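One letter stands for each residue in the lines below.
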Amino acid sequence: MTNEDVLAKITSIIADQLDKDASIITPATNFKEDLDADSLDVFEVIDKIEDAFNIEIDSDESIATVGDLVSYVTKQLAA
């Protein structure tokens, strides 16, 4: 799965989960600042992404932006 595929799937999940327009979500999008997501929102997004990609995301991982999440998921899929 390419980085672009991962980004597209993650963007779709975030847009659906946070009720946002997918066109505003880019790798530079910050969950808290740009999407007004609180900790519970981020937890729910991560839960959906874990299910979608069949991976586990370490809660200690520093994920502030969509790009951070895409990089993490891509690394997990390659491992």
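That block above? That's the structure.
Computed from a predicted structure; not experimentally measured.

What counts and how
- Every chain begins its residue count from 1, and numbering advances along the sequence as written.
- Local features are withheld for residues below a pLDDT of 70 in this predicted model, meaning they are given only at 70 or higher, and side-chain atom pairs are given and counted only at 80 or more; totals for whole chains, interfaces and linings count all residues.
- To get the side-chain values, all heavy atoms of the structure are used, and hydrogens and water are removed first.
- Only the contacting stretch of a helix is used when fitting its axis, a line to C-alpha atoms as for every element, and angles between N-to-C directions run 0 to 180 degrees.
- In this text, helices come from DSSP runs of H or I with a minimum length of four residues, and strands from runs of E with a minimum of two, each type numbered from the N-terminal end.
- Working definition: roughly parallel below 35 degrees, roughly antiparallel above 145 degrees, roughly perpendicular at 65 to 115 degrees, and oblique for all remaining angles.
- With the far helix as reference, a near helix turned anticlockwise by less than a right angle produces a left-handed crossing, and one turned clockwise produces a right-handed crossing.
- A contact between two residues is defined here by any heavy atoms of the two lying within 4.5 Å.
- Three classes are used, and their members are as follows: Ala, Val, Leu, Ile, Met, Phe, Trp, Tyr, Cys and Pro are nonpolar, Asp, Glu, Lys and Arg are charged, and the others, Gly among them, are polar.

**Concerning the packing of helix α1 (residues 3-18) against helix α4 (residues 66-78)**
Here α1 crosses α4 at 125°, and the two axes come no closer than 10 Å. Regarding the angle of α1 to α4, the classification is oblique. Between α1 and α4 the crossing geometry is right-handed. Here N3, V6, L7, I10 and I14 of α1 lie close against α4, whose contacting residues are V66, L69, V70, V73, T74 and L77.

**Here's the deal with the packing of helix α3 (residues 39-53) against α4**
Look at α3 against α4: their axes get within 12 Å of each other, and the N-to-C directions meet at 30°. In terms of their interaxial angle, α3 and α4 are classed as roughly parallel. Note on packing geometry: the crossing formed by α3 with α4 is right-handed. Counted together, V45, I49 and F53 of α3 and L69, V73 and L77 of α4 form the full contact between these two elements. Of the residues in the contact of α3 with α4, the class split is 6 nonpolar, no polar and no charged.

These figures capture arrangement, not role.
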